[in-house]
Amino acid sequence: MSTRSRIAVLASGRGSNLQAILAAIATGQLDAEVVAVLSDKPEAPALQHVAPGQRWARSPRDFADREAFDTALGDALAGFTPDWVVCAGYMRILGQRFVERFDGRLVNIHPSLLPLYKGLHTHARALEAGDAEHGASVHFVVPELDAGTVLAQARVPVEPGDTPDTLARRVLAVEHPLLIASLQWLVAGRVAERGGQLLLDGHPLFSPLRLDCAGKLNA
């Protein structure tokens, strides 16, 4: 009998990606369970999507330094014994020791076609550059910000007259399907990362998987 993959989610806000994960589990699209939601914002709405015993939240201001907070977060996270850790709207940079502690099972969704536009304000930066396409990426987390191996991407056109807000809405529409499709392949054991190399069914893959219009990933 197979055991469902255990997913822990790090979130700082309303938890729209978390809701998408929970909905996919409820409809049988994703063979997993969300075992915990952890946050650096004790008032984050995302926490309300799971039972009290599955929540952990502390303010970084209550800790002596970044490393002390990361240690507490990591200890709490380890206590939930997750198979996968998903950064879904988690707005705090994770320190090197934390990332190394969960190496290979820590993924993030980022609103750009990485390696383009790491960090914030990605939609405005894509418009300023005159890009014809924009999108979202799911990547493995490394200590350097938004620099880990990219697992999968979804692309959207940049349309005449777009503003950062209109472009952000178009990207958000593909973020959720991209995250769910990526998690489906992760929990099935089809994709992995080893030493910066993306592997598909154990074989090297030299470009990210791409989300098609049906919400499926393709090599």
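Everything numeric in this text was worked out from a predicted model, so none of it was measured.

### Let's talk about unusual backbone geometry
At step 1: With an omega of 15°, the peptide bond running from Leu114 to Pro115 counts as cis.
At step 2: For Pro115, the position within the fold is in the loop between β5 (106-110) and α4 (122-129).
At step 3: Phi is positive for Thr81, which is not a glycine, with a value near 45°.
At step 4: Tracing the chain through its elements places Thr81 in the loop between α2 (66-79) and β4 (84-87).

### Comments concerning the pairing of strand β1 (residues 5-10)
At step 1: Within β1, five of the six residues are buried, leaving the element largely enclosed by the surrounding structure.
At step 2: In terms of strand pairing, β1 meets strand β2 (residues 32-39) through six bridges, oriented parallel. By the bridge assignment for β2, Ile7 is matched with Val34.
At step 3: Of the crossover connections in this fold, the one passing from β1 over helix α1 (residues 16-26) to the parallel β2 is right-handed.
At step 4: With four bridges connecting them, β1 and β4 associate as parallel partners. Among the inter-strand pairings, Leu10 is bridged to a residue of β4, identified as Cys87.

### Side note on the nonpolar core
At step 1: Judged by nonpolar contacts, the single largest core of 50 residues is most densely connected at Val9, Ile21, Leu30, Val86, Leu151, Leu178 and Leu209.
At step 2: If one sorts the elements of this core by residue count, helix α5 (residues 164-187) sits on top with eleven residues.
At step 3: Not counting chain neighbours up to four residues away, the residues in contact with Ile21 comprise Val9, Leu30, Val34, Val86, Leu179, Ile180 and Leu183.

### Looking at the sheet that holds strand β8 (residues 191-194)
At step 1: Taken in spatial order, the three strands make up an open sheet running β8-β9-β10, and their pairing is antiparallel. Every interior strand has two partners, whereas the edge strands, β8 and β10 (203-205), have only one. Averaged over all pairs of adjacent strands, the angle between their axes in this sheet comes to 45°, without regard to strand direction.
At step 2: Looking at chain direction, β8 and strand β9 (residues 197-200) are connected through four bridges and run antiparallel. What sits directly across from Arg194, in β9, is Gln197.

### Focus on the pattern of salt bridges
At step 1: Per the counting criterion, the structure on display carries nine salt bridges.
At step 2: A salt bridge links Arg101 to Asp75; the shortest N-O distance between them is 2.9 Å. Note that Arg101 is positioned in helix α3 (residues 96-101) and Asp75 in helix α2, a separation of 26 residues in sequence.
At step 3: Of the residues examined, Asp75 reaches a relative accessible area of 43% and is grouped as partly exposed.
At step 4: A salt bridge links Lys118 to Glu144; the nearest nitrogen and oxygen atoms lie 3.7 Å apart. In this pair, Lys118 sits in the loop between β5 and α4 while Glu144 sits in the loop between β6 (133-140) and β7 (150-157), placing the two residues 26 residues apart along the sequence.
At step 5: When salt bridges with common partners are traced through the structure, they connect Glu159, Asp162 and Arg170 into a single cluster.

Quick notes on the rules
Each residue is numbered by its place in its chain's sequence as written, counting from 1. Owing to the predicted nature of the model, reporting of local features is limited to residues with pLDDT of at least 70; listing and counting of side-chain atom pairs is limited to 80 or more, with chain, interface and lining totals taken over all residues. To obtain the side-chain values, all non-hydrogen atoms of the structure were used and water was disregarded. For helices the rule is a DSSP run of H or I covering at least 4 residues; for strands it is a run of E covering at least 2, with both sets numbered from the N terminus onward. With a 1.4 Å probe rolled over the protein chains alone, any residue whose accessible area is under 20% of its type maximum counts as buried; one over 50% counts as exposed, and the rest are partly exposed. In short, DSSP must find at least two bridges between two strands for them to pair. Consider the strands pointing away from the viewer: the crossover is right-handed when the path from the first strand over the helix to the second runs clockwise. The term nonpolar core refers to a set of buried residues drawn from Ala, Val, Leu, Ile, Met, Phe, Trp, Tyr and Cys, joined through side-chain atoms within 4.5 Å. Note on definitions: a residue-residue contact is assigned when non-hydrogen atoms from the two residues lie within 4.5 Å. Every axis corresponds to a line fitted to the C-alpha atoms, with the helix fit spanning only the stretch in contact, and the corresponding angles, defined between N-to-C directions, vary from 0 to 180 degrees. When a carboxyl oxygen of Asp or Glu lies within 4 Å of a side-chain nitrogen of Lys or Arg, that pair is called a salt bridge.

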